[in-house]
Amino acid sequence: MPDRDAAINAVREAGDLALGAWREGLAPATKVWEKSKGNPVCDIDLAVDALLKKRLGALAPNVGWLSEETADNPDRHSMSRQWLVDPIDGTRDYIRGRSGWCVSVALAEASEIVFAAMYAPVTKQLWVAHKGEGTTCNGKRLFASTREEFSGARVPTDALPKVDRDLEMVHKPNSIAMRMTMVACDRADLVATLRWGHEWDIAAAHLIAEEAGAVVTDATGGTIYYNKPKPLDFGLICCSPGIHDAAVDRLKGRADAILG
C-alpha cells in the first residue's frame, strides 16, 4: 500500500487547485468546452488530472492508472494495483459555481477497492476509507443508513417518476460520488441509477459507502468488480442493507427494458 497520508495530501492539493478557479454562482475562471454532447470538461479537470498523476505516480511503482481525463492504457491490466481517478466528479456543478463536486481517488488491488479518498473543498469535507477499517469524514467515523422500509426512503434527486413517488426527495449534488457519501453518513437511504457508468465515477465512493455499512451493487444487484478491460457497469444501487432487495425489485422492469 502506498503512503496513505501522502495520497490523502495529494487529493487535498488537487481539490485546492480546483477551488482556486471555482467561483460561487458563476462560471469558473477557466476554459470550458464539451468533450461530447452534454459532457462538459474544463482546463481544471485536466490540470487536476495531471497533478494527481504526478503525485500518486511518485508514491509507488507499477501501479496502473485509470482516469476520466486520461486515455486508457491497456498496460494497466498487467498490474495488480491500479489508481482510479475522477479529477472533478460533478463537473456540471463545478462550472455552474455550485458546491456539489469533489476530487475522487481510489486504489484497487486485483478487482477490489482497498483505499479511497474524496475531497469536496467547497464544503470542506474529506472522506477516507481503508478496506476493513471503516470510513471517516474529517476524522469522524461514519455509519450508513440502517433503514429497513423501502417506502419513504430518502433519495438525492431533482425529481421522482410517478412509480417512485412513495420515496422522499432530498438535496442532490451533481457528483454521484457525493450522493453515495450521503448514504454513508445517513443523510440518504438510497442512490440508484439506470445508465452505464465508468469505474472512476464510483470507485472511491463504493468503498466509502461500503465501509460505513451500506450495500453497493450494479442496478441488477450484481457485484461490481474493478480493473475490467472495459471499465463500465450498468447502473448503481447504493443503499441501506435493509432495502437493497426492494431496490433491485423496484428497478428490475426498467433495467430489463434498457438491457433488452
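Below: a short report on this structure. (Residues numbered from 1 in each chain as written. Predicted model: local features only at pLDDT ≥ 70, side-chain atom pairs only at ≥ 80, totals over all residues. Heavy atoms only, no water.)

1. Observations concerning the nonpolar core
Nonpolar side chains in soluble globular proteins tend to be buried together. One finds Leu 84, Ile 113, Met 118, Trp 127, Met 180, Tyr 226 and Leu 236 to be the most contacted residues of the largest nonpolar core, which totals 39 residues. Elements represented by at least two residues in this core include exactly strand 5 (102–109), strand 6 (112–120), strand 7 (125–130), helix 4 (176–184), helix 5 (199–212) and strand 14 (232–239). Every residue in contact with Met 180, bar those within four places of it in the chain, is listed here: Val 191, Ile 202, Ala 205, His 206, Ala 209, Val 216, Leu 236 and Cys 238. Listed in part, the 32 residues of the second largest apolar core include Ala 18, Val 105, Ala 117 and Val 128. (Core = buried A, V, L, I, M, F, W, Y, C linked by side-chain atoms within 4.5 Å. Buried < 20%, exposed > 50% of the residue type's maximum accessible area, 1.4 Å probe, protein only. Helix = DSSP H or I, 4+ residues; strand = E, 2+ residues; numbered from the N terminus. Contact = heavy atoms within 4.5 Å.)

2. A look at the pattern of salt bridges
What the rule picks out here adds up to 15 salt bridges. Between Asp 158 and Lys 172 there is a salt bridge, and its shortest N-O distance comes to 3.0 Å. With Asp 158 in the loop between strand 10 (154–156) and strand 11 (168–170) and Lys 172 in the loop between strand 11 and helix 4, this pair connects stretches of sequence that are 14 residues apart. Judged by relative accessible area, which is 60%, Asp 158 ranks as exposed. When salt bridges with common partners are traced through the structure, they connect Asp 164, Asp 166, Arg 250 and Arg 254 into a single cluster. (Salt bridge = Lys/Arg side-chain N within 4 Å of Asp/Glu carboxyl O.)

3. Remarks on the sheet that holds strand 9 (residues 140–141)
Pairing is mixed in the open sheet, where seven strands are placed in the order 3-4-5-6-7-8-9. The open sheet has two edge strands, strand 3 (64–67) and strand 9, and neither has a second partner. By the bridge criterion, seven bridges tie strand 5 to strand 6 in an arrangement that is antiparallel. Counted as the bridge partner of Glu 109 is Glu 112 from strand 6. Sitting on the sheet, helix 5 is in contact with strand 3, strand 4 (81–89), strand 5, strand 6, strand 7, strand 8 (134–137) and strand 9, with an inclination near 100° to strand 6. (Pairing = 2+ DSSP bridges. Axes fitted to C-alpha atoms, helices over the stretch in contact; angles between N-to-C directions.)

4. Details of the pairing of strand 8
Two strands pair when backbone bridges link them, and strand 7 and strand 8 are joined in this way by four bridges, in the antiparallel orientation. Counted as the bridge partner of Ala 129 is Thr 135 from strand 8. Counted between consecutive antiparallel strands, the loop separating strand 7 from strand 8 contains three residues, among which Gly 132 sits at a positive phi close to 80°. In this antiparallel pair of consecutive strands, strand 8 and strand 9, the connection spans two residues, and Asn 138 shows a positive phi of 50°.

Taken by themselves, the reported measurements are silent on function.
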